[in-house]
Each structure stands twice: as structure tokens, then as C-alpha cells.
Amino acid sequence: MRDLPAPLSDWFAARGWTPRRHQLDMLEQARAGRHALLVAATGAGKTLSGFLPTLVDLIETPRDGLHTLYISPLKALAVDVQRNLLTPIAEMGLPIRVETRTGDTPSDRKARQRAKPPHILLTTPESLSLLLSYPDSDKLFASLSTIVIDEVHAFATDKRGDLLSLCLTRLQKFAPDLRRVALSATVADPDGYRAWLAPDGDIDAVAAVQGEPGAEPDIRILLPQERIPWSGHSGRYAAEQVMREIRAHRTTIVFCNTRSLAELIFQDLWKANDDQLPIGVHHGSLDREARRKVEQAMANGRLRALVATASLDLGVDWGDVDCVIQMGAPKGSSRLLQRIGRANHRLDESSKALLVPGNRFEFLEAQAALDAVDAGELDRDIFRPGTLDVLAQHLMGCACAEPFDAAEMLDEVRGALPYSALDSDTFDRVLHYIAEGGYALKAYDKFKRLRLGTDGFWTVTKPGFIAQHRLNAGIIVDAPTLDVRFKNGRRLGTVEEYFASTLSPGDTFFFSGLSLEVEKIELTDLVVRATSKPARIPKYGGTRMALSTNLADRVRGFLADAGEWHRFPDDVREWLEIQARRSVLPRAGELLVETFPHDGRHYMVAYSFEGWNAHQSLGMLVTRRMEALGLNPIGFVSNDYALACYALEPITDPHALFSPDILEHEFVDWVQGSALLKRAFREVAVIGGLVERQHPGKRKTGKQVTFSTDLIYDVLRKYEPGHLLLQAAWEDARARMTDVGRLATLLETAQARMRHVTLERVSPLAVPVLVLIGRERVTQGSADDALLVEAEALAAQAMALD
């Protein structure tokens, strides 16, 4: 085979394989010394494409020292890639050492890796950042030839991407000829990722390699035996149908959008599992060992199905998986493709997937996702400036390794695309924040981590701060949690502290597929025992997956084009037809607002399709404005498609509630007066090193961290409102937690193209969102039945034509 040394060509030939075109293209780019972005379908051999130049180079020019860094967004993926890489290396008899380094790696092995590094090191952005904090990091990475970033779409546009981008510029300083490689199956904007990957954002320095197209996926929507529900978002009604699919396939992954839903679906499937087929559950709150056992059972073919969350979205290669089922709507075409790719994991075979929509809007969303996949349309990622809390952490890590000159460091930092426009004043503010904590905190020695020496170099003030940095560095800030464990000490995982605070001894909840009864609650532990009593599901924090804009646009297109309705089930088509007769359907670029009375209240429903997060924020703002206008608002509910507000007084002029200045007045007041900003500050304070999560030998509880950050937050708000971290928290709260960009677009549309329709009673389109009112008031256990009765009664009114 052309261009391949004998051990590799013989290995391919022994299996009857030939390298794919894009794999040889990646080798050609490597020999030309070019950086490269490979976009290739799942199952196309992306991992081998990334490592092939490394294997060729080490076969042709054997040498010691670290040759290639592989960066993964997940620890599990790094372990999986190591396993898959070791096999061909062993079969070829190559003297190439491959090791992983993550937060789970024993400390003695970490020390050995720095002294005698392997040829290939598989790690995560956070572990790489820590490696760069050691004084010998320049020597460790001087021999580095290649860095391979897998699943680059999973983190390039967020804070982990900011950190990795800064680390890349540091590595390039130590190894000027370092070649950067990124791999992904789902990139809508290759040029955006090429610019992110390139040194100094020089897009022309990065070759774009397109993988060979794979077989078209086989995706269909699983329709209920009766009719599609009016409300709900889980698809739980289809448990028996899903079990039939599990029986009909070798191995099935059942994806859920939340951890709570994963536990619910597991219980539903187990009840319908008359054949007692082996089924597992996998999500990020379960204990690491429990997850690994499940992953190993899947790899060995011992499970028929696994209920999972985004913890398995990426890369893990289980060849026996022949069906993927998505419970509820996928929320984005890229995410759907990523999950579909877990089936077959082979380029030449169609991946089989089923979508189980939770309600009628979700059916439209599921159909939109299928159409987007058919059209090759992916969800666009938004690249934004790098955050200052991440920059502060990186600068502290660099100082731990060696003193640095501020001007030289600023030049280096600007080589990372997210920080390419960083001005010197902001950079100096970050430096002085690390040096003294800020004006309000400068009297406290615990915040004085750097000092400017007489030689003009910034250096760490004392060794204790170096240890503190290495213990606390990291970008992922989890919500405060308690360990769930049995009395004998066996750990099951974690639940969030606020959920644990609702429990008392004797209460029961589902976790890790078990029904558990609380025996006692200790400082950091929730001690439980197994029980057969009915149980509830733990609630997890964090924002929900947002409906992507391209799927939202496609759903709007369905509503506006009656010519598409023949593709829908009878009950969905009837729903839209009666909506068109009783009210109207929103046209492209239009905001439909309906107002009507119902049960002695006055309702306003806005069909904006901007996602639950944006609608939640807008609901808070609109009800504030309703209060100011004397409309006596009672509350609001929202889903991904609509926002419904209800009040004692009729809403005659919705335009006044949706004016753009709401983002200048109510929005600012609301964010500053809510817990939103405090939560954002907690995260940036931890990332920025102001508050440590753990001390040597002792980890702080979530309550202790929250108490510390709340105390500092209150001091800064009072005495230094312009503090760097308050600024960073404000940006986080605006951009990430409230989807403020989508809010601004929505408000602009409202002013220009609002269509207000006044009705005498509820419309068919309003039923799915109005059913959510009162959900919290329904007692546990009877919620689904009560909601079903309420939905049917409301639907009967909405669908009547008289």
C-alpha cells in the first residue's frame, strides 16, 4: 500500500483492509507538516486517521520521548481509545508505549509519566493544563510532534475549549514544530473550527480533510399504539414498544436527555421486561466504578440494552450495538447524528435509530430532525471570546511552572483564537486579580497569589499556592452533591445537595436502577438501603438542552406549510387543521401571540420556538412588566416552543410586554436580584481560583464552597461592583444561563412581526403548554394520570369547532 511502512501495510493486508482515502490524506498532510481538521462520519476510522501519521513516524524514525498527545473530552473515551490503539500496536509488534492520564490516574504513575513519558499520552484538557503547571513541562513537551483533539465539537466553543486553546499556545512555545490535528463527525462550520485550531487563528495553516460519506442512517419515528400525547417530553408511554425493539435487536442504547429521565425510563422498561433481559443504566451521577462495569458489560456483549444520557454521546465503540432509541425529541440534528453513530459504528452499514416523541410538538421536532439529517444540515456552533476566569486559571498554572514576563505572556495568550482580541488593560486586570484578589480583598494574604519581582517577572508568592492550584484546577464545576452509599460503605454515586435536603429517613427514591430508602443523612453522605417501596426520582440542576435554531426553523416551516401535513399522523394533522380554522398558524419570521380567557383567568401564549431556557427567562421578565402595568399576573409556564403567561386582567396589547428595552431594565434588575448571578459567580470564583474546592487531604462540602462564594459575592457587590469576577459572572449569566442572544432576536421579531390573535377560548396549539400549569401541584405518583385527564379536558375545548 502506498506511503505505508511494511508493518502497517502488512497489518492492513492481513485483515483484508485497505486504508481509506481520508486516512491517507491525513498522512499526506502530516508529511507536509500541516495542521489538519478531519470531518468524517462515525465509523469512518477517525481515530486511526489521527494516529496513523504518528505510527508511521515512530516506525520510520523510532525514538524516545513524548511524540503525540491525544485530547479527549471524556475520561471514558480516552480509556476506550487506549484499548483500541493497543491492539494493533501489539499485533504489529511495535515498541510504542501508550498510556492514559486523567484525574483517575494514580499519583505514582503520573510522576513516572513526567520522568519517563510514553510515546503516546491520552488525556483531557484539564489534565493537560495540570501537566503544564510543572517546572519540567518545557522538557516534557519539547519532543512533542503532534496533538490530536478528538470530538473537537464537544468543547471547542465552551470554557474547556478556552482552556485547551490556551494550552495549545503554550505547547507551541515549547515545541515550535508541533502539528495540531482535530477530529469530528458533526461540524457545521469547518472554517470556524480551522480558525480555532490554528496558531494565531491563521485558517490557511489548517487543511480541511473531508471523510468518505458513510451509509445513510435508517431513522424512523416510533408512533404510539393509540395517539401522540398532548403533553410530556419523555416518551414514557412507549415503554412496551421500546422493549419490543430491544428484544428484536442484539444490543440497544436508549438515550435520554436528562439523568432523571434515564432513571425513570429504566424503571419503566424493567416493568415491561417480561423476559428479564439484562438492562443497565448509565449517567454522570453514578459512581465511576459502576459506570465502568456497565461499559465493560456492554463491550463484552452481556447487556441487551443500556439506558444512557449524554455521558455516552461521544465516541465509545461498541460494535454489537445495532439500534439506538432516542426518548423525547433530540433537540438538534448534530446531537442526533452523534447518538445514531453509536449504532454499528461502521461506515458501510446504516445506523438504525428510533425517535420517540413525547408530544405533538416533539413529533414535529423529530420529523424536522430527520429532514435535517437527510439534508446534511447540522447545528451551528457559536464561537465567542474566551472567558476571564479561565484565563486567570491558565495564568496561575503558567506561573506555577515558571515566572513569566507579562508582555511575552500576553503575546502568547493572543495566539489562542478566543483571546486574540484581548486588550492589554483587561490582561493587566486579570494579572492584578491573581496578585491581590481585587481592591476589596487586597488586605487578605490568602488572595495574594502572585507578585511582580524586581526582575520584571511575575512569580508565585509561596509554594502553598502551587499545591492549592493543582488541587483545585479544572473547568467543570459540579453542583454541590452528597455521596449515595450503603451502610457497608459501597458507593453508588451522587445526588445534588438540594434534592438530598428534601429527604428524611424513611423516604425513598430511584437511583442507579434501584429503589432506595434513606437511613440517615450525614455531612457528605446519604446512607441508604435497598427497598421495594415506591420511590421518586432525584432532580438534577443545570440548564436543559436547548432546541437548536435550525430545528426550530424547520418546525416553524411545518406549521406554515399545509402541503407538508400529509406526512404527519392523523391526530397531528387534525391538530394543525383545527388550529388553522380556529386561529392561525405562525408564518416564517413571525411571532404569533394568542390571548384568550380560560377558567376565570386571562391567558397570553407566545409561540416563539426559542427553547425552554430562553422562555424561562422571558417569562420572568414579562410577568414583571405585567405587574408594572397592573395586569396582576399569576404565573407563567413554558416549553421549547411557547411561553404562556396568565393573569387576572386581560392582556390587550402584547407589544408593550415584548419591547426590546426589557433587556435593559427588567432583565438587569432580575438577574442582579436573583440567585442566577450568585450561581454564576460560584462557578467563576472556583475556576478563577478565588475559592478552593479542596485542601490537601480534605475536600470541602458543597455547602462550604457555596457559603464561601456567597460571602465574597456579597462583599464584592457592596464594595467593588466592577470586580473582574463579577464581570465574568455577569457575562456567564447573560450568555449561557439565559440564552440572551435568542431573547434579543425574539424581541426584535416581536416588534417587527408580531401577529396578535384574540380568541374566545383556548386554541389547539396552546394545549401542550397550558397543560404544564399546575404540574408542581400534582402529588407524586398520580402526576401522569392527573395531567392526562387535564390534557384531555383542555383538548376537548380547544378542538371543538362550534
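Quantities reported herein were computed from a predicted structural model and do not represent experimental measurements.

Peer 1: Looking at this structure, I do not really get the overall build of the protein chain. What am I missing?
Peer 2: Along its length, the protein chain carries 29 helices and 28 strands. Each of the 802 residues in the protein chain was classed as buried or not, and the buried ones make up 58%. A sequence separation of at least 24 residues applies to 73% of the contacts in the protein chain between residues at least 6 apart. Summed over all atoms, the accessible surface of the protein chain reaches about 32,200 Å², with 50% contributed by carbon and sulfur.

Peer 1: Honestly, the pairing of strand β21 (residues 525–530) in this entry has me stumped. Any pointers?
Peer 2: Within a regular beta strand, the side chains point alternately toward one face of the sheet and then the other, so they alternate between its two faces. Bridge count for strand β17 (residues 481–486) against β21 is 4 bridges, and the pairing is parallel. The partner of R485 across the bridge, within β21, is V527. When strand β20 (residues 514–521) meets β21, the two strands line up antiparallel, connected through 5 bridges. Of the residues in β21, the one forming a bridge with K520 is V527.

Peer 1: I tried to follow unusual backbone geometry on my own but got confused; where do I start?
Peer 2: In most cases, non-glycine residues show a negative phi, while peptide bonds are predominantly trans. For D200, which is not glycine, the phi torsion reads 60° and is therefore positive. Within the secondary structure, D200 sits in the loop between α9 (190–197) and β7 (206–210). Residue classification places D200 among the exposed positions, given a relative accessible area of 62%.

Peer 1: Sorry, what's going on with the pattern of salt bridges here?
Peer 2: When their charged atoms lie close together, side chains carrying opposite charge are able to pair. For the coordinates displayed, the defined rule picks out 38 salt bridges. Between E362 and K331 there is a salt bridge, and its shortest N-O distance comes to 4.0 Å. Note that E362 is positioned in helix α14 (residues 360–374) and K331 in the loop between β12 (321–327) and α13 (333–340), a separation of 31 residues in sequence. For the residue pair E362 and K331, the accessibility class agrees, reading buried in each case. Through salt bridges with shared partners, a single network forms among K159, D389, E683 and D732.

Peer 1: Is there a simple way to explain the sheet that holds strand β1 (residues 35–39) in this structure?
Peer 2: One key point about sheets: their strands pair by backbone hydrogen bonds, in either a parallel or an antiparallel sense. Overall, parallel pairing links the 7 strands, which are arranged β3-β4-β2-β5-β6-β1-β7 in an open sheet. A single partner strand is all that each edge strand has here, and the edge strands are β3 (98–101) and β7. Within the sheet, the average angular offset between the axes of one strand and its neighbour, ignoring direction, is 20°. One ladder, built from 4 bridges, connects strand β5 (residues 146–149) with strand β6 (residues 179–184); its direction is parallel. Residue I149 lies in a different strand from β6, and its bridge partner there is A182. Those strands touched by helix α2 (residues 21–31) are β1, β6 and β7, and its axis lies near 170° from that of β7. Where α9 meets the sheet, its contacts fall on β1, β5, β6 and β7, and the angle it forms with β1 comes to roughly 145°.

Peer 1: Is there a simple way to explain the nonpolar core in this structure?
Peer 2: The nonpolar side chains of a soluble globular protein tend to be buried, and buried together. In this structure, L128, F141, I149, F427, F658 and F681 are the most contacted members of the largest nonpolar core, which totals 111 residues. With 9 residues, the single largest contributor to this core is helix α15 (residues 388–401). Among all residues touching F427, those that are not within four sequence positions of it are L391, L395, A406, M409, L410, V413 and L422. Among the nonpolar cores identified, the runner-up in size contains 69 residues, and L306, L364, A366 and A798 belong to it.

Peer 1: What exactly am I supposed to notice about helix α12 (residues 288–299) here?
Peer 2: For the α-helix, the turn length of 3.6 residues means that residues three or four positions removed from each other point alike. Compared with an ideal rise of 1.5 Å per residue, which puts 12 residues at 16 Å, α12 spans 16 Å between its outermost C-alpha atoms and is within 8% of the ideal. A positive phi of about 75° marks G301, the residue just after α12.

Peer 1: Honestly, the packing of aromatic side chains in this entry has me stumped. Any pointers?
Peer 2: Centre distance and the angle of the planes are the two values used to describe a pair of aromatic rings. Here the structure, examined in full by the defined rule, presents 16 aromatic pairs. Ring plane angle 80° and centroid distance 5.7 Å describe the contact between F363 and F568, whose orientation is recorded as edge-to-face. A residue pair is termed long-range when its members are at least 10 positions apart, and F363 in helix α14 and F568 in the loop between α20 (549–560) and α21 (570–582) qualify at 205 residues. Take F363 and F568: they sit in the same class, and that class is buried. Among the aromatic residues, ring-to-ring pairing joins W230, F361, W575, F609 and Y641 into one connected group. The ring of W230 has R360 sitting right over it, with the charged end atom 3.8 Å from the ring centre. A cation sits over an aromatic face here: R470 above Y134, 3.8 Å from the ring centre.

Peer 1: Is there a simple way to think about the packing of α14 against α20 in this case?
Peer 2: Packed helices, taken two at a time, are described by their axes: the angle between them and the distance between them. Packing of α14 against α20 brings their axes to within 9 Å, and their N-to-C directions diverge by 110°. By the criterion of interaxial angle, the relationship of α14 to α20 is roughly perpendicular. Seen from above, α14 lies across α20 with right-handed handedness. Listed contacts from α20 to L364, E365, Q367, A368, A369, D371 and A372 of α14 are N550, L551, R554, V555, F558 and L559. When grouped by side-chain class, the residues that make up the contact of α14 with α20 number 8 nonpolar, 2 polar and 3 charged.

Peer 1: Mind showing me how you'd approach the confidence of the model for the protein chain here?
Peer 2: Predicted coordinates in areas of low pLDDT are best not read in detail. This prediction gives the protein chain a mean pLDDT of 85; 89% of its residues lie at or above 70. Taking the mean pLDDT of every element in the protein chain, the minimum, 58, falls on strand β27 (residues 698–699) and the maximum, 97, on helix α16 (residues 406–414). The low-confidence segment residues 776–785 (pLDDT under 50) makes 4 contacts with residues lying over four places distant or belonging to another chain.

Peer 1: When you look at the sheet that holds β21 in this model, what are you seeing that I'm missing?
Peer 2: The strand order β18-β17-β21-β20-β19 describes an open sheet built from 5 strands, whose pairing is mixed. Of all the strands in the sheet, just β18 (491–496) and β19 (508–511) have a single pairing partner and so form its edges. For this sheet, the mean angle separating the axes of adjacent strands, direction not counted, is 40°. Direction of pairing for β17 relative to β18: antiparallel, over a ladder of 5 bridges. Across the sheet, residue T481 finds its bridge partner in β18, namely E496.

Peer 1: Mind showing me how you'd approach the side chain of R761 here?
Peer 2: Along the polypeptide, R761 turns up in the loop between β28 (754–758) and α28 (767–770). Here A800 takes part through its backbone oxygen, which lies 2.3 Å from a polar atom of the side chain of R761. Not counting residues within four places of it along the chain, the set of residues in contact with R761 comprises R582, F596, P597, Q797, A800, L801 and D802.

Peer 1: Mind showing me how you'd approach the packing of helix α8 (residues 159–174) against α15 here?
Peer 2: Where α8 meets α15, the closest approach of the two axes is 9 Å, and the angle between their N-to-C directions is 35°. Relative to α15, α8 is oriented so that their crossing is right-handed. Contact with α8, carried on its side by K159, D162, L163, L166, C167 and R170, involves D389, V390, L391, Q393, H394 and C398 of α15 and no other residues of that element. In terms of residue class, the contact of α8 with α15 is made up of 6 nonpolar, 2 polar and 4 charged.

Thresholds, definitions, all that
Residues numbered from 1 in each chain as written. Predicted model: local features only at pLDDT ≥ 70, side-chain atom pairs only at ≥ 80, totals over all residues. Heavy atoms only, no water. Helix = DSSP H or I, 4+ residues; strand = E, 2+ residues; numbered from the N terminus. Buried < 20%, exposed > 50% of the residue type's maximum accessible area, 1.4 Å probe, protein only. Contact = heavy atoms within 4.5 Å. Areas by Shrake-Rupley, 256 points an atom, 1.4 Å probe, with all protein chains shown as cover. Pairing = 2+ DSSP bridges. Salt bridge = Lys/Arg side-chain N within 4 Å of Asp/Glu carboxyl O. Axes fitted to C-alpha atoms, helices over the stretch in contact; angles between N-to-C directions. Core = buried A, V, L, I, M, F, W, Y, C linked by side-chain atoms within 4.5 Å. Expected span 1.5 Å × (residues − 1). Phe/Tyr/Trp six-rings, centres within 6.5 Å; stacked < 30°, edge-to-face > 60°. Lys NZ or Arg CZ within 6 Å of the ring centre and 35° of its normal. Parallel < 35°, antiparallel > 145°, perpendicular 65-115°, else oblique. Left-handed = near helix turned anticlockwise from the far one by under 90°. Nonpolar A, V, L, I, M, F, W, Y, C, P; charged D, E, K, R; others polar. pLDDT = per-residue confidence, 0-100. Polar contact = N/O pair within 3.5 Å; in protein donor to acceptor, adjacent residues only side chain to side chain.

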